[in-house]
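# Structural overview
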Amino acid sequence: MTSLPFTQVDAFADAPFTGNPAAVMPLGRWLDDATLQAIAAENNLSETAFTVPLPDDPDADYALRWFTPTVEVKLCGHATLASGHVLMGGRTALRFRTRHAGVLTVARDRDGYALSLPAWHMEPRALPDLAAGLGGAPIESHWRGGGYSLFLFPDAAAIRALQPNYAALKALGDIMLIATAPGEGSDIISRVFVPGGGVDEDPVTGSAHCLLTPFWAERLDKTKLSAVQASPRGGSMSCQLKDDRVTLTGACRTVIEGQFLL
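Residues numbered from 1 in each chain as written. Predicted model: local features only at pLDDT ≥ 70, side-chain atom pairs only at ≥ 80, totals over all residues. Heavy atoms only, no water.

## Re helix α6 (residues 208-220)
- Helix length check: α6, at 13 residues, gives a terminal C-alpha distance of 18 Å against a target of 18 Å (1.5 Å per residue), a fit within 8%.
- Among the 13 residues in α6, ten count as buried, and that is most of the element.
- The complete set of buried residues in α6 reads A208, H209, C210, L211, L212, T213, P214, F215, W216 and A217.
- Phi for D221, located one or two positions after α6, is positive at around 55°. (Helix = DSSP H or I, 4+ residues; strand = E, 2+ residues; numbered from the N terminus. Expected span 1.5 Å × (residues − 1). Buried < 20%, exposed > 50% of the residue type's maximum accessible area, 1.4 Å probe, protein only.)

## Here's the deal with the environment of T7
- Here T7 shows up in strand β1 (residues 3-11).
- Separated by 213 residues in sequence, T7 and L220 place their C-alpha atoms 38 Å apart.
- Look past the residues within four positions of T7 in its chain and what remains in contact with it is A22, A23, V24, V86, T254, I256 and E257. (Contact = heavy atoms within 4.5 Å.)

## A few points about the environment of A11
- Positionally, A11 belongs in strand β1.
- Considered as a pair, A11 and Y113 are 102 residues apart in the sequence and their alpha carbons are 9.8 Å apart.
- Not counting residues within four places of it along the chain, the set of residues in contact with A11 comprises G19, N20, H78, L81, A251 and C252.

## Here we look at the packing of aromatic side chains
- Enumeration over the complete set of coordinates arrives at five aromatic pairs.
- Aromatic pair F50 and F67: ring centres 5.8 Å apart, planes at 80°, arrangement edge-to-face. One end of the pair, F50, is in strand β3 (residues 47-53); the other, F67, is in strand β4 (residues 62-67), with 17 residues separating them in the sequence. Of the two residues, F50 and F67, both sit in the buried class.
- Ring centres of F215 and W216 lie 5.5 Å apart, and the angle between their planes is 85°; this geometry places the pair in the edge-to-face category. Of the two residues, F215 and W216, both sit in the buried class.
- The ring centre of W30 lies 5.3 Å from the NZ or CZ of R65, which sits over that ring. (Phe/Tyr/Trp six-rings, centres within 6.5 Å; stacked < 30°, edge-to-face > 60°. Lys NZ or Arg CZ within 6 Å of the ring centre and 35° of its normal.)

Structure representation (structure tokens):
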């Protein structure tokens, strides 16, 4: 029997039982992909983050990969923030090398952490099948290659009222659907759905704000934004756009520490 360290963290959490839960599992070396996927399925959280130290890499401290219960993902913000929280120790910042998103940095920021991610831009595109599955009455739709869609709604009430058809959306493939509108008490509000990736509604989604931050920065003519994700758990973060990077700032709470027996 093999014992692996396990920490469950609520990322972008303002209070107990908020934010997005992530499992963080530091490894000494990579396990085979099938085992990593099976562990993530067993954990049954939005994402499980696996890390391996990189002592010979001058540009990164750890390699990092993320798995939902059903697939490996190319970018996950909240589980990266959680990994920084678990592994930071006495350091002020950590660098994570990823397979598809480059090197991501988590740094201490007062009582929380600042996460540096790439800024991603979208193009307007009609997405009738996705819009139908999402429901409501979006006034704009946008697309980015790799499976990212964004739908603009008139107000926060429309975001909170959404009741997507998850079966229909799952049949359309592994696509992230971001529903957003001007916020109430925050600059922006959103909800995020990824049924084709094994997560019907994601509680708080860092990677979605790689798209939301430049989208709203242009419309609101400001580079610093406050953001609320209106999932049932809920969570919030500060977003800043600078050149081709987005910095997301939020808090983490450790909720479970133990061993995963394999």
